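# Inside the fold
Here are the chains, one letter per residue:
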Number of protein chains: 4
Amino acid sequence: MGEINLLYERELHEECGVFGVFNCPKASELTYYGLHALQHRGQEGCGIVVSDTEKLTGVKNEGNVRFVFPESVLKKLSGIHAIGHVRYSTTGGGGILNVQPFLFRHGDGDFALCHNGNIVNSQVLKQNLERKGSIFQSSSDSEILAHLIYQDSRVKRIAAIKEALIYLEGAFAFLVLTNDRLYAMRDRHGLRPLSIGQLENGYVVASETCALDAIGATFVRDILPGEIVTIDKDGLHSDFYSKDTQSKICAMEYIYFSRPDSDILGLNVHRSRKEAGRLLAKESPVEADIVIGVPDSSLSAAYGYAEASGIPYEMGLIKNRYVGRTFIEPSPALREKGVKMKLSPLRSIIQGKRVVLIDDSIVRGTTSMKIVEMLRQCGAKEIHMRIASPAIIAPCFYGVDTSTYEELLSAFNDVEAVRQIIKTDSLAFLSMEGLKEALGQRDFCAACFTKQYPTHLYEHIENANKDGKF
Amino acid sequence: MGEINLLYERELHEECGVFGVFNCPKASELTYYGLHALQHRGQEGCGIVVSDTEKLTGVKNEGNVRFVFPESVLKKLSGIHAIGHVRYSTTGGGGILNVQPFLFRHGDGDFALCHNGNIVNSQVLKQNLERKGSIFQSSSDSEILAHLIYQDSRVKRIAAIKEALIYLEGAFAFLVLTNDRLYAMRDRHGLRPLSIGQLENGYVVASETCALDAIGATFVRDILPGEIVTIDKDGLHSDFYSKDTQSKICAMEYIYFSRPDSDILGLNVHRSRKEAGRLLAKESPVEADIVIGVPDSSLSAAYGYAEASGIPYEMGLIKNRYVGRTFIEPSPALREKGVKMKLSPLRSIIQGKRVVLIDDSIVRGTTSMKIVEMLRQCGAKEIHMRIASPAIIAPCFYGVDTSTYEELLSAFNDVEAVRQIIKTDSLAFLSMEGLKEALGQRDFCAACFTKQYPTHLYEHIENANKDGKF
Amino acid sequence: MGEINLLYERELHEECGVFGVFNCPKASELTYYGLHALQHRGQEGCGIVVSDTEKLTGVKNEGNVRFVFPESVLKKLSGIHAIGHVRYSTTGGGGILNVQPFLFRHGDGDFALCHNGNIVNSQVLKQNLERKGSIFQSSSDSEILAHLIYQDSRVKRIAAIKEALIYLEGAFAFLVLTNDRLYAMRDRHGLRPLSIGQLENGYVVASETCALDAIGATFVRDILPGEIVTIDKDGLHSDFYSKDTQSKICAMEYIYFSRPDSDILGLNVHRSRKEAGRLLAKESPVEADIVIGVPDSSLSAAYGYAEASGIPYEMGLIKNRYVGRTFIEPSPALREKGVKMKLSPLRSIIQGKRVVLIDDSIVRGTTSMKIVEMLRQCGAKEIHMRIASPAIIAPCFYGVDTSTYEELLSAFNDVEAVRQIIKTDSLAFLSMEGLKEALGQRDFCAACFTKQYPTHLYEHIENANKDGKF
Amino acid sequence: MGEINLLYERELHEECGVFGVFNCPKASELTYYGLHALQHRGQEGCGIVVSDTEKLTGVKNEGNVRFVFPESVLKKLSGIHAIGHVRYSTTGGGGILNVQPFLFRHGDGDFALCHNGNIVNSQVLKQNLERKGSIFQSSSDSEILAHLIYQDSRVKRIAAIKEALIYLEGAFAFLVLTNDRLYAMRDRHGLRPLSIGQLENGYVVASETCALDAIGATFVRDILPGEIVTIDKDGLHSDFYSKDTQSKICAMEYIYFSRPDSDILGLNVHRSRKEAGRLLAKESPVEADIVIGVPDSSLSAAYGYAEASGIPYEMGLIKNRYVGRTFIEPSPALREKGVKMKLSPLRSIIQGKRVVLIDDSIVRGTTSMKIVEMLRQCGAKEIHMRIASPAIIAPCFYGVDTSTYEELLSAFNDVEAVRQIIKTDSLAFLSMEGLKEALGQRDFCAACFTKQYPTHLYEHIENANKDGKF
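The structure displayed is predicted, hence computed values, not measured ones.

The rules we used
- Residues numbered from 1 in each chain as written.
- Chains lettered and ligands numbered in written order.
- Predicted model: local features only at pLDDT ≥ 70, side-chain atom pairs only at ≥ 80, totals over all residues.
- Helix = DSSP H or I, 4+ residues; strand = E, 2+ residues; numbered from the N terminus.
- Rg over C-alpha atoms; globule rule 2.2 N^0.38 Å.
- Buried ≥ 20, exposed ≤ 12 C-beta atoms within 10 Å, placed from the backbone.
- Contact = placed C-beta atoms within 7 Å.
- Domains from an automatic or database assignment.
- Nonpolar A, V, L, I, M, F, W, Y, C, P; charged D, E, K, R; others polar.
- Least-squares fit on C-alpha atoms with pLDDT ≥ 70 in both.
- Pairing = 2+ DSSP bridges.
- Axes fitted to C-alpha atoms, helices over the stretch in contact; angles between N-to-C directions.
- Parallel < 35°, antiparallel > 145°, perpendicular 65-115°, else oblique.
- Left-handed = near helix turned anticlockwise from the far one by under 90°.
- Arc of directions from axis to C-beta.
- Core = buried A, V, L, I, M, F, W, Y, C linked by C-beta atoms within 7 Å.

### Some points on the overall build of chain A
If you tally the helices and strands in chain A, you get 16 helices and 25 strands. Relative to a compact globule of 470 residues, whose C-alpha radius of gyration would be 23 Å, chain A shows 23 Å and is just as compact. Its C-alpha atoms give chain A principal-axis dimensions of roughly 70 × 45 × 40 Å. The buried share of chain A, reckoned over its 470 residues, is 61%. Residue pairs at least 24 apart in sequence account for 73% of intrachain contacts in chain A once pairs closer than 6 positions are excluded.

In structure tokens form, the structure reads like this:
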């Protein structure tokens, strides 16, 4: 089936990516290529709903874009407007039922909906809706928005959407498609990214600008925190569901999730990472022979570190591109004997060397431990780990699965304790100031580094990420 | 189905990789992980034959290792000896019939066989064998060796193999497995690599050392040109079928095919590439703002160039990891509009820059042209292409599909003509001396750069690679 | 994928079969075998929801039981209560979204629901519910019942179900499963069958008794029109949502749909068909050489006719068992030349004979025409068609897809006109009196023969079966 | 995957069916429909090789016709000549390697080959060929014929075939296809059937006439024992490889294997079975209430018995059409509780009745025992088993897998002993005279009833069918 991104066990997961096109011939093909460019944001499931201006048609399934949409399926989806979704995980129940977009058949006109993010007050909202007679087929937050919008069928659609969004607390980028309109909206803190592009006479919206590039669209602007953009035959219309907005983009979008070729709030992701690496070299220099990065997300920071420090960059670890979901994991016995399949060290590069090892973050620390052990077995003389972001001390409630609070290595260990656990000769994290500088002084959500959450929380941090809801 | 390596259209193809284990519990699992490490050498088909010392059992199919061997299939292959094969292409007819290993059921004992390379006199040999009553079910060279070995059933097996090999002219690394023996042999010019490793009480042979590392085996030595290594319960036995041997390893193994973490003849592949990049910087310097490489095989050379020139290395192109065999290619119309899915340029990195673009080779030039065009569209001010190997002026007869003679861009165009075709501001290739230095003065086959073929050829170079036989 | 029943183009389709078990270890396996016995009622999709008393888990998909539930899937469904569903068709939109059972995640406890039949006032009910804020993900009637039940979350579940059923007009057999209860209910006219069986300490409900036999359960009784049976840890509890009930079982269950080994209201289906054939022989005798039946559903009637008439029964038509959904239909050109794949006549049996051809019904007449033509080509001297039920003159609104009104051959043609169209030497239908006698004077719905519909209709008969909603 | 014929565990298996067309547009489609009509002869694997007069192209795989040839695959096989094959079983090793047709790439022109039957001296022939240098990739007899034909490449093809056939002892119907010729041949005892038909300007050959009918071809004649028919652009040419011929068609073709609508040696299969049933009624009458047959192959005999005895025929057993290869077998525990899925008795028909149970044969007796037990559980008062063929006392060496000698119930038990084992009230087999009369006094191979084998045997009857070679 599907390919997955975790060529080594990624420890951070985001839940999704969204993509939409309006007034573009071959809307489903464009969405296919757009979702393909967003595939790194979720490989577990995906879907496309297309409008031919008279009705909505959709296909969704578990698996990646390539698997869910063979040519025979894709060509059945004809229309000029479309929305699509890639989803990280379907654990937490529901399987295909939680795959998006959701398509609702309604007497006032069908509509479809998909989203990226996490609603922190979803439980409360769901109970209220159930009390009024709503029933739910999935455990997804998207279904909640749909119920909120259709609570009162007498008001106008845009008014209903504005009303509904007021109830939602948390992080979200939502797309809603009707026969002849596309609505795109972002939470009032701007936690999840969402950008608009133009393609000939049509418009495109996407979680990342790399998806605009992938289909040849021109970047127009980012959707603003609290904004609802309505796209119809007359073009773009802007509206805000809240005046109380801030720009608090998730820092992890720069550090880890987004593709290096995406720009967020005008800043290129690769550039921010390389800069983080440069600053890290200044903050925490070390005498060493080579700099190596953990592929793929840490390579930019590793180049930056090498450049700023003057220590040569080397390809010290490579990863096998052919690992995927159906791959058979080596048994513990085989693993013990040295069978490895995701990351391979270059023994002849590493042997006898003092190594600066750059990674983007430490979550549970298990991957770091394995890599360090591998490098030691290859004869690394010293290993100096440098992390291109601050230590993660708190869980995320906004759609990033940083694993549970008690599993976060830095939540209960200081830097020296972490160093001892992962067995490096030295360890340093980028400072918060460094991160701010790397992100060009943009404002961002740093809750996982600081415990300063921008919204009210509806559950205790010890329960975060425990329900497998994403 | 299978994942393929060509995240952009690779223009050079090799036909296969071989792997064998002897006297190792869980031989088929080890072969699975070994083949997985060799997957870059061929994704179109693969197979494993295992011996439990009493009989041989095999599975093979079209597709990559992960697809052909789900857990349910792999666990049926129990035994302590095994050979396996990954194959680049099954075009040219036969489909699954050409997938290896070949398993023959014989009254004297079953045997299996697989190989990497190309026999240049296969047509002549096949005609002779048919005249004596042999019939062939595939168009593979491997079947020829099997027929040669069993021509006369009265002689001892090792004698029969030695006799048979004498007839074969060309490039090969062969593995033959019987119930209780594993034979590994290399052509007398040593064109194709083959290395031996040790794993506890057993032995491992593989086309590349990265496959030894992948299963935790210790490198012992390379098999020598013209050598037949027999592995049985008493260990390794060496023999030579020819005294007239040379070491003429294919230069492309270093330049393009092999994984960066493999060592060939004691030289690490990444290191040789980085060194080629350094030498290229010295031979053909240029004033520029950034150095970028074409992922993945040219990245090492790009680092080398950046390091030696002092020009910063940047990630200017990234490739989408989720492309694969079943992916739907954009229609020409969509492609025209800018839909792309394999390689994406980082606009904000490239815009306004003077770029040194490093690639490992130019074959037909079509990929180079597309990349250059993409970079121009992103606003590159100047593009200076630097190729980390000499110009390819002649086709390969030894198992590398460098496309046909007339399609080789440098075969009929000098450097300036090529530059005009691919539309760069400047273009330079590494010199032959540079390549020799990068390969540590090892001897190698440079026929594609020089037309100096180490063997007699049995067909005209204009017909090379036309039959789609690989 | 799935096998389908239409070994020749069946012209009548029913929409589903339901099956449930309560308090039986291996509930999902039992449901698998139960659904397998009901597979003739629908091959397009199926699903199972199982309760382990604490939570509900479900799997459903397009395809038949064998395809949707490979061993690896089935074994994940562990529990002691379960309901399952086979579905005829997913045309009319929705695809997998319309496959049942539906599983709802509710704060008061999850519940699942499946049904067989058709609600005639579903459009009105849906509009009312939408006006109150309900939104629908499928076009299935089942979702309506779920919304009706949960309209007011303050009342007790059984009361809510009783209240909800009052709103439903039409034909239905519903199963509702919660963590610890199974509800089974039938419409107040008893149009769709539903029987209860006992298996050790547990209970079983099924659309047909053949499914009780298939798992070794003992028949207890049929559920009565208007009855709601609640099964919990204390056993069976009976309740009625309406006092205004009649027993109007669908005659087509005897004539065509049900398996010959099922008993409905105490009468064996094969026996009723054979008796219909006997009565047909008495009502419409003819001088002939052989009696043949159209396999499979008309064979019982053919035996009956042969027995009563004394004319020898012969196997004059056989059908190929290997036809299925993925089979490639012969092109018109090949069909013209005589390529056939579903029904084959036995030329040497038919040649020169006066044939009595027995079929269960004539719907559009196209199949009859093809069969008659085939028999003529084989040299049948005379063809006397005898139909073991009255002429169908009106569409069904209760879950039988008798195609649309205007396509019904007998709706606008008398017997002689039909005879001329299908080109037989004579034609006769069973009389209504004959059908009553064959069904042992049981009361039944004969609307398709008489236009006497037992319920109010909410749409014009000219629109019946046009929406492809089943 | 594939559908299989064994809706209850069939105890007799034949190995294959062959089909060929010459000079017919859309040869592969015709072969597809022809093989589909022969699917009952083998569902485990199938293949088609097609000639466009310049080259041969083939596809084969495990699974039934529908599974192996989706439309996308079938349309790749374009040509005007073709041969195809359905295979019963691939057990005995080799899997796909043993699936036919075999396609050989030869300097003198490619050729393909398939066959139905069993060569009794294959071991000896294989050893001789290996001694001369042949090597084998399958354990199939077909490969032997190919090697024999090409032993000496100097003689003409037809002479080589005649020469080769002389060496073969046993039962066979062979088809050989070259670019422009189709050869069809039968063993000198005529053990396996093979018929020729005409279709416009082309010819068709098939194991059974039902396959000629299926594509609209007109029956021409049966190929004679020892005959080689060559079909080329000039039409049919007849030749004989042996003068020492007899017509000894396998009796089981009439009794069990062939489709009721096939004619063998001019006698319809259904008619012969019905006649066997009539004769059985005369030979072994019994007082009873109903006659029932074991579906499907015994139904014709049951009608015959009912007609001749005057006892009413009833549908006492029905089988589920949806069983197939991937169906999950009930566990012994569930089976114990009464879960059944292949054959269902009609309780209300059987209860309290004296039953005549007709079956076509008894092999190991296990199925008979199960059926008898099922009928007893349904309340049958008496069960009188009548077998429409003589008792099987010896194994078959000619391609019928009657299981091994020691498993044949009648090999070591007389009729009374068998009756006690299967627990019926009475038991009778058809006499040899009865069988001869039912087959219209045609000569046939009755070795399994008499131990009179028409050929020399090369192994002891105790070893027959033990090697799983089919």
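### Brief notes about the domain arrangement of chain A
Residue and element names in this part refer to chain A. Domain boundaries in chain A define domain 1 (13–247) and domain 2 (270–441). Measuring from the centre of the C-alpha atoms in domain 1 to the corresponding centre in domain 2 gives 35 Å. With 11 residues of domain 1 in contact, the opposing surface of domain 2 contributes five residues. Listed by contribution, the elements that provide at least two residues to the side of domain 1 that touches domain 2 are strand S1 (13–14), strand S7 (111–119) and strand S8 (170–178). Counting residues per element, the side of domain 1 that touches domain 2 draws most heavily on S7, at three residues.

### A few points about the interface of chain D and chain C
On the side of chain C, 50 residues touch chain D, which itself brings 50 residues to the contact. Breaking the side of chain D that touches chain C down by element, the ones donating at least two residues are helix H1 (27–37), helix H3 (71–74), helix H7 (209–214), helix H9 (269–283), helix H10 (299–309) and helix H12 (347–350) of chain D. Broken down by element, the side of chain D that touches chain C gets its largest block of residues, five residues, from H1 of chain D. Partitioning the side of chain D that touches chain C into residue classes produces 23 nonpolar, 13 polar and 14 charged.

### A closer look at the relation of the copies chain D and chain C
Superposition of chain D onto chain C requires a rotation of 180° combined with a translation of 0.0 Å along the rotation axis, giving an RMSD of 0.1 Å. The superposition operator between the copies reduces to a two-fold rotation axis. The residues that chain D uses at the interface reappear at the interface of chain C in 100% of cases, marking a shared surface.

### Some details on the sheet that holds strand S6 (residues 102–104) of chain A
Residue and element names in this part refer to chain A. Across the sheet, six strands lie side by side as S6-S7-S8-S9-S13-S14; this open sheet has antiparallel pairing. Of all strands in the sheet, those with a lone pairing partner are S6 and strand S14 (235–240), marking the two edges. Each strand of the sheet is rotated relative to its neighbour by a mean of 20°, with strand direction disregarded. Where S7 lies against S8, nine bridges are found, and the strand directions are antiparallel. Within the sheet, the bridge partner assigned to asparagine 118 lies in S8 and is alanine 171.

### Thoughts on the packing of helix H5 (residues 141–149) of chain A against helix H6 (residues 157–167) of chain A
Residue and element names in this part refer to chain A. Axis separation between H5 and H6 bottoms out at 8 Å; the angle between their running directions is 130°. On the basis of their axis angle, the class for H5 and H6 is oblique. The hand of the H5/H6 crossing is right-handed. Along its contact with H5, which presents Leu145, Leu148 and Ile149, the element H6 presents Ala160, Ile161, Ala164 and Tyr167. Of the residues contributing to the contact of H5 with H6, the split by class is seven nonpolar, no polar and no charged.

### Description of helix H6 (residues 157–167) of chain D
All names here are of chain D. Listed as buried for H6 are Ile161, Ala164 and Leu165. Around the axis of H6, the buried residues are gathered within 100° of arc, so they sit on the same side. Residues of H6 that are buried make contact with helix H5 (141–149), strand S8 (170–177), strand S9 (182–186) and strand S13 (227–232).

### Some words on the relation of the copies chain B and chain A
Mapping chain B onto chain A calls for a screw motion: a turn of 180° about the axis and a shift of 0.0 Å along it, with 0.0 Å RMSD after fitting. Looking at chain B, 98% of its interface residues are interface residues in chain A too, so the copies touch through the same face.

### Some words on the interface of chain B and chain A
Between chain B and chain A, the residue contacts involve 51 residues of the former and 50 residues of the latter. Mapped onto the side of chain B that touches chain A, the elements with two or more residues apiece are helix H1 (27–37), helix H3 (71–74), helix H7 (209–214), helix H9 (269–283), helix H10 (299–309), helix H11 (332–337) and helix H12 (347–350) of chain B. The leading source of residues in the side of chain B that touches chain A is H1 of chain B, at five residues. Its residues placed into classes, the side of chain B that touches chain A shows 23 nonpolar, 13 polar and 15 charged.

### Points about unusual backbone geometry
Cis peptide bonds are those with omega within 30 degrees of zero, and the linkage from glutamine 100 of chain C to proline 101 of chain C qualifies with 0°. Following the sequence through the fold, proline 101 of chain C ends up in the loop between strand S5 (81–87) and strand S6 (102–104). A cis amide bond, omega -5°, links proline 295 of chain D with the succeeding residue aspartate 296 of chain D. Mapped onto the elements of the fold, aspartate 296 of chain D is located in the loop between strand S18 (290–293) and H10. In this model, glutamate 200 of chain B sits at a positive phi of 50°, which is unusual for a non-glycine residue. Note that glutamate 200 of chain B resides in the loop between strand S10 (195–199) and strand S11 (202–206). Even without being a glycine, leucine 265 of chain C presents a positive backbone phi close to 50°.

### Let's talk about the sheet that holds strand S8 (residues 170–178) of chain C
All names here are of chain C. With antiparallel pairing, six strands are arranged side by side in an open sheet as S6-S7-S8-S9-S13-S14. Strands with a single pairing partner mark the edges of an open sheet, and in this sheet they are S6 and strand S14 (235–240). Adjacent strand axes in the sheet meet at a mean angle of 20°, parallel and antiparallel pairs treated alike. Inspection of the sheet shows strand S13 (residues 227–232) paired to S14 by six bridges, in the antiparallel sense. The residue bridging glutamate 227 from the neighbouring strand is phenylalanine 240, located in S14. Against the sheet, helix H5 (residues 141–149) touches S6, strand S7 (111–119) and S8, its axis set at about 125° to S7. Seen against the sheet, helix H6 (residues 157–167) touches S8, strand S9 (182–186), S13 and S14 and runs at an angle of roughly 155° to S13.

### Structural notes on the pairing of strand S24 (residues 426–429) of chain B
Residues and elements named next belong to chain B. Side chains Leu427 and Phe429 of S24 all project onto a buried face; the interleaved residues Ser426 and Ala428 project onto a face where none is buried. Looking at chain direction, strand S22 (residues 382–387) and S24 are connected through four bridges and run parallel. Paired with isoleucine 387 across the strands is phenylalanine 429, a residue of S24.

### Details of the nonpolar core
The biggest cluster of nonpolar side chains holds 312 residues, and the ones touching the most others in it are Leu175, Ala251 and Ala302 of chain C together with Ile83, Leu175, Ala251 and Ala302 of chain D. Beyond its immediate stretch of four places on either side in the chain, alanine 251 of chain D contacts Leu435, Leu439, Phe444, Cys445 and Ala446 of chain D. In this structure, Leu194, Ala251 and Phe444 of chain A together with Phe69 of chain B belong to the second largest nonpolar core, which totals 311 residues.

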